[in-house]
Amino acid sequence: MSGVLVYVEQVGGDVAAITRELLGKGRSLADALGGPLAALVIGDAAGNLAERAIAFGADTVYVVSNPALAGYTTDGYVAAAKAVVDQAKPALILAGASFQMRDFGAALATDLDAGLAADAIDVSVEGGQISAVRPSHGGNMINTYAFAAGRTAVVLARKQSFAEASEQAGRSGKVEAVALPAAAIRTQVTSVVPKSGAVNLTDAAIIVSGGRGLGNKDNYYKLIPTLAEALGAAYGASRAVVDEGWVPYEHQVGQTGKTVSPKLYVACGISGAIQHLAGMRTSRSIVAINKDPDAPIFRVATYGVVGDVNEVLPLLTEQLKARLSR
């Protein structure tokens with residue numbers, strides 16, 4: 001038992017950003033474990049995903065293709081993954097921490113009698129010991145999980161926790177087809193309809209969020225989307241703003257909303273309640289703008305601006321647009 005197996009998620013027929021992250025991290029982990037870096041593709045048609053996974057660093061890609069796997073079901077995908085695990089015998093399985101992958105990862109770990117860490121922000125190998133780090137209790141505690149040696153570990157990682165692997169054009173690797181074993185698939189997916197106007201905050205590299213310090217709904221929409229556009233960012237909100245009905249729930253960042261880890265998080269008029277910090281404190285860089293110098297948000301901020309957001313944001317947006325137009 002050695003090496004790493006990365007589950008390949010796809011977006012628009014290509015390898016998803018979280019998978020590119022895990023292939024990059026998986027390379028160093030596989031080397032530390034003294035085994036190969038493999039990838040797993042499940043679906044009714046692999047397309048060019050196997051070749052794309054190889055280009056991002058996989059040595060071997062296992063493909064389980066079957067019409068019964070056209071839509072995600074716990075029974076079908078876990079049976080497919082277990083067949084590959086039985087063949088590849090990885091020491092570590094990596095996947096993203098999306099809602100679907102949490103379902104998949106928990107069920108797979110149960111079937112494999114394996115250890116599980118969900119929503120991890122780091123994974124390491126030292127002396128053959130696999131460990132995962134994940135926050136808990138609203139982000140106020142950081143826990144390190146050490147997995148028992150000789151048993152497969154399943155780790156579901158938070159997006160944007162690692163650098164993405166670089167694409168290597170022309171890189172060669174092995175593609176192996178694995179048959180879907182007989183499995184009782186008890187769920188039938190009849191249709192999948194994307195929600196209209198949905199906001200994908202978890203994939204955003206930059207997020208601008210507004211809070212109650214903006215004063216009212218009109219100020220939110222006048223300032224936050226405008227700054228977000230200047231930065232090429234998505235825009236979010238605190239729970240207080242959502243509860244007030246200023247913006248839809250899809251924009252909410254926090255323990256009861258979206259958990260995000262962007263490269264840059266700009267908190268505008270957000271005091272920094274515990275439930276909000278739980279959803280964004282693992283951002284790589286945090287800029288906080290608040291007129292209260294004692295606001296809790298400044299304790300986690302990389303950079304802080306003490307001032308009224310309604311005065312600071314127009315000036316900041318103007319400067320950004322001027323720089324971008326040069």
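Residues numbered from 1 in each chain as written. Predicted model: local features only at pLDDT ≥ 70, side-chain atom pairs only at ≥ 80, totals over all residues. Heavy atoms only, no water.

**Student:** Please clarify how the overall build of the protein should be interpreted in this entry.
**Tutor:** The number of helices and strands found in the protein is eight helices and 17 strands. Here the C-alpha atoms of the protein give a radius of gyration of 21 Å, agreeing with the 20 Å that 2.2 N^0.38 yields for 326 residues. By its C-alpha atoms, the protein is 60 × 45 × 40 Å across when sized along the principal axes. For the protein, buried positions account for 50% of its 326 residues. Long-range contacts, defined here as pairs at least 24 residues apart, represent 64% of the contacts in the protein between residues at least 6 apart. For the protein, the accessible surface area stands at approximately 15100 Å², while carbon and sulfur atoms represent 50% of it. Positive and negative side-chain charges of the protein, numbering 28 and 29 respectively, have mean locations separated by a distance of 2 Å. (Helix = DSSP H or I, 4+ residues; strand = E, 2+ residues; numbered from the N terminus. Rg over C-alpha atoms; globule rule 2.2 N^0.38 Å. Buried < 20%, exposed > 50% of the residue type's maximum accessible area, 1.4 Å probe, protein only. Contact = heavy atoms within 4.5 Å. Areas by Shrake-Rupley, 256 points an atom, 1.4 Å probe, with all protein chains shown as cover. Lys, Arg positive; Asp, Glu negative; His and termini not counted. Charge placed at Lys NZ, Arg CZ, Asp CG, Glu CD.)

**Student:** I'm lost on the environment of arginine 239 in this one. Help?
**Tutor:** Relative to the elements of secondary structure, arginine 239 occurs in helix α6 (residues 239-243). Its relative accessible area of 38% is what places arginine 239 among the partly exposed residues. Remark: the alpha-carbon pair of arginine 239 and threonine 19, spanning 220 residues in sequence, is separated by 30 Å. Excluding anything up to four places from it in sequence, arginine 239 contacts Gln252, Thr256 and Gln275.

**Student:** Is there a simple way to explain the domain arrangement of the protein in this structure?
**Tutor:** Interface extent is often summarised as the accessible area lost during association of the parts. Structurally, the protein comprises domain 1 (4-177) and domain 2 (201-324). If you average the C-alpha positions of domain 1 and of domain 2, the two centres end up 32 Å apart. Tallying the contact residues gives nine residues for domain 1 and 15 residues for domain 2. At the boundary of domain 1 with domain 2, total buried surface from both sides reaches about 1000 Å², with 39% on carbon and sulfur atoms. (Domains from an automatic or database assignment. Buried area = accessible area lost by both parts, 1.4 Å probe.)

**Student:** Please explain the pattern of salt bridges as it appears in this structure.
**Tutor:** Any two side chains of opposite charge can pair, on the condition that their charged atoms come close. For the coordinates displayed, the defined rule picks out 15 salt bridges. The salt bridge partner of arginine 20 is glutamate 164, with a shortest N-O separation of 2.8 Å. One end of the pair, arginine 20, is in helix α1 (residues 17-33); the other, glutamate 164, is in the loop between β11 (153-157) and β12 (174-177), and 144 residues separate them in sequence. Put simply, aspartate 203 and lysine 159 hold a salt bridge, and the shortest N to O gap is 2.7 Å. Remark: lysine 159 occurs in the loop between β11 and β12 and aspartate 203 occurs in the loop between β12 and β13 (206-210); sequence separation between them is 44 residues. Through salt bridges with shared partners, a single ionic network connects Arg27, Asp31, Asp59 and Arg171. (Salt bridge = Lys/Arg side-chain N within 4 Å of Asp/Glu carboxyl O.)

**Student:** Help me understand the nonpolar core, please; the structure alone is not making it clear to me.
**Tutor:** Side chains of nonpolar character tend, in soluble globular proteins, to be buried together. The biggest cluster of nonpolar side chains holds 38 residues, and the ones touching the most others in it are Val4, Val61, Leu92, Leu94, Val123, Ile130 and Val155. If we skip the residues at most four places from it in the chain, valine 4 touches Gly26, Leu29, Ala30, Leu33, Pro36, Leu37, Ala38, Pro90, Leu92 and Leu94. The next biggest cluster of nonpolar side chains, apart from the first, holds 30 residues, and it includes Tyr72, Ala107, Ala114 and Leu156. (Core = buried A, V, L, I, M, F, W, Y, C linked by side-chain atoms within 4.5 Å.)

**Student:** Could you clarify how one ought to interpret the side chain of threonine 317 in this entry?
**Tutor:** Note that threonine 317 resides in helix α8 (residues 309-324). Taking relative accessible area as the criterion, threonine 317 reaches 7% and is therefore assigned buried. Discounting chain neighbours no more than four positions away, the residues touching threonine 317 are Thr226, Leu227 and Ala230.

**Student:** I would appreciate a short explanation of the sheet that holds strand β7 (residues 115-120) in the present structure.
**Tutor:** As a general point, the strands of a sheet are linked pairwise by backbone hydrogen bonds and lie either parallel or antiparallel. Pairing is parallel across the open sheet formed by seven strands, whose spatial order is β7-β11-β6-β1-β4-β5-β12. Each edge of the sheet is formed by a strand with only one pairing partner; in this case those strands are β7 and β12. Shown here is a sheet whose adjacent strand axes are inclined to one another by a mean of 20°, direction ignored. Inspection of the sheet shows strand β1 (residues 4-7) paired to strand β4 (residues 37-43) by four bridges, in the parallel sense. Bridge pairing links valine 4 to leucine 37 in β4. (Pairing = 2+ DSSP bridges. Axes fitted to C-alpha atoms, helices over the stretch in contact; angles between N-to-C directions.)

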